[in-house]
Each structure stands twice: as C-alpha cells, then as structure tokens.
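Remarks on the overall topology
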Amino acid sequence: KTSLFIVPTPIGNLADITLRALDILKSSDLILAEDTRTSGFLLKHYSISKPLQSFHNFNEHKVVNHYIERMEKGEVMALVSDAGTPGISDPGFLIIRACLQAGLKVECLPGPTAFVPALVKSGLPCDRFVFEGFLPVKKGRQTLLTALAQEERTMIFYESPYRLVKTLEQFKTYFGAERKASVSRELTKMFEETFTGTLEEVLTHFQAKEVKGEIVMVVAGRED
Ligand code: SAM
C-alpha cells in the first residue's frame, strides 16, 4: 500500500491537473502543502475538502518525523507544492527519502513541471539536457558558470524576473553572445511568451521592457 503520493499541480492553467491527481487528493487522509492558501484555492476549485497541513522549506526538518510516524500507523498522505511537481526546486526530497528509509511506499504521479514545456518548445536539442534549477545567487555562482561553459548538453535554469537581465548578461559573458537560448515566461498562462535567439538577441529583447512573471531559461550546450 502506498503511504505517500507526490501529486503535481498546475503551473498556471488550472485545467492542467490529471484525473488521477484529483482522485488521489480526494482519497488521501491528509494533504501536505507547501502553502495551504495556494493549495486551498486549487482544492476549492475542484470541490475537494480535505485536511491540509503546511510542509515547506522552513518546517520540513522539524515535522518530517511526525508525518512518517502517522504514515507508519496507516495514514495515506499526498504532497503538493505551490505549482508543478514537488521535489523539483520545491520541497519533497526530504520526506521522500525519510519514507524510503522507513520502508514506506512512495508513488509520484506524472504531471506538470515548468521545465519540460520550456525545453520542448525551445527548439534546442532535448534528447539530452541538464536541469540546473535556480543558480546560486552569490556564493558559487561564478565557479558554476565557468564549469557550465564546458557543458555540451542543453541547460535549463529557473530564474526570477528581477534577475533575468543580469543572468542573461552573465550568460553572454561566460557562454558567448552567439550561443542559442530560449526564455519562456508565464507558461500555460494568459501572457505566455517564449523568445528564442542568440544570447545577444534574447538579452536585447528583455532589456527593452520590464520583465514580469515566472521564467524558465534554456541555453544550448557548447558545440565545437
Ligand atoms: N515545482 C515547480 C516545477 O515543477 O516546475 C518549480 C517550483 S520553483 C519554486 C518556481 C519556479 O519555476 C519559477 O520561479 C519559475 O522559474 C518556474 N515556473 C513555475 N511556473 C512557471 C510558469 N508557469 N512559467 C514559467 N516558469 C515557471
């Protein structure tokens, strides 16, 4: 019997949830949510009423054992994050590892995650790729960018709109102005936009306006 279900939720468009995800949310004893307000809104939209408890980066270390004990007693839990797949730049890893160590069964439903549509629509090679998540803001950033300059696979990054231009400037410095890239903003939402070109072109495009919304950056790997 499965103790913990990892349930991906929409990254914008509320219709992007699977029938199975809704079934699991309805049948779990407890839903662990990164933000109970955000998930409460989704559950209400689908008329699901279940106990919700918060499980986020700031309390996961403290509460994980409590939930493991309850699952050991037979409770079935579902883990959701604010958007997309838990564990992907979101809480998940810690409780999944703890379940496996305790011999509890974990299932992860397939579903939305922002980097897959960004990668696939970028037109850059998607047979092999590396997901880098958020770059470190300060410590380790330059070392990582230096190492990534040698990477031959397509690279994927999550980025905040406030840092996009600065990061594109650094990519241009480290990877070269002619390197191909694609930036996707607000995927599945009303103002979805994808701009693809050389790093120089992408930088010029986003320098020209105020950047808003959620962003995935995709950068071609090195070719020689
Ligand atoms: N768990 C999520 C997933 O599976 O993609 C990622 C969570 S992470 C905290 C949030 C970041 O994901 C955002 O800053 C942005 O980089 C990316 N993201 C999430 N939703 C997005 C969307 N609709 N369009 C573009 N990027 C998105």
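Each remark here, short or long, concerns the structure printed above.
This text gives an overview of the structure that appears in the document. (Residues numbered from 1 in each chain as written. Predicted model: local features only at pLDDT ≥ 70, side-chain atom pairs only at ≥ 80, totals over all residues.)

Let's talk about the sheet that holds strand β7 (residues 154-159)
Basically, it comes down to this: By definition, two strands form a pair when at least two bridges between them are found by DSSP. Segments assigned H or I by DSSP are reported as helices when at least four residues long, segments assigned E as strands when at least two residues long, and all are numbered from the N terminus. To obtain each axis, a line is fitted to C-alpha atoms, and for helices this fit is confined to the stretch in contact; angles are then taken between N-to-C directions over 0 to 180 degrees. For the purpose of contact definition, each residue receives a C-beta atom placed from its backbone, and two residues are in contact when these atoms lie within 7 Å.
Reading across the sheet, the five strands line up as β6-β7-β10-β8-β9 and stay open at both edges, with mixed pairing between neighbours. Each of the sheet's edge strands pairs with one partner strand only, and the pair in question is β6 (129-134) and β9 (193-198). Within this sheet the neighbouring strands show an average axis-to-axis angle of 15°, counted without direction. By the bridge criterion, five bridges tie β6 to β7 in an arrangement that is parallel. When the sheet's bridge partners are listed, phenylalanine 131 is paired in β7 with isoleucine 156. Across the sheet, helix α8 (residues 199-207) lies against β8 (180-185) and β9, angled at about 135° from β9, the strand it touches most.

Comments concerning the sheet that holds strand β1 (residues 2-6)
Reading across from one edge, β3-β2-β4-β1-β5 is the order of the five strands in this open sheet, with parallel pairing throughout. Since the sheet does not close on itself, it has two edges, and those belong to β3 (52-54) and β5 (105-108), each with one partner. Geometrically, the sheet is characterised by an average inter-axis angle of 25° between neighbouring strands, direction not taken into account. Both strand β2 (residues 30-33) and strand β4 (residues 77-80) contribute to a ladder of four bridges, which runs parallel. Bridging across to β4, alanine 33 finds its partner in valine 80.

Concerning the nonpolar core
Filter applied, for reference: Structurally, a nonpolar core is described as a collection of buried Ala, Val, Leu, Ile, Met, Phe, Trp, Tyr and Cys residues joined by way of C-beta atoms within 7 Å. Exposure is read from a count of other C-beta atoms within 10 Å of each residue's own; the residue is exposed at 12 or fewer, buried at 20 or more and partly exposed in between. C-beta atoms are placed from the backbone.
With 26 residues, the main nonpolar core has Ala118, Ile156, Ala181, Val216, Met217, Val218 and Val219 as its most contacted residues. Within the residue set of this core, elements represented by two or more residues are α5 (115-122), β7, α7 (164-175), β8, α8 and β10 (215-219). Counting residues per element, this core draws most heavily on β10, which supplies five residues. Ignoring anything within four residues of it in the chain, the contact list for alanine 118 reads Ile156, Ser184, Leu187, Val216 and Val218. Formed by 21 residues, the second largest nonpolar core is a distinct cluster that contains Ile6, Leu32, Leu43 and Tyr67.

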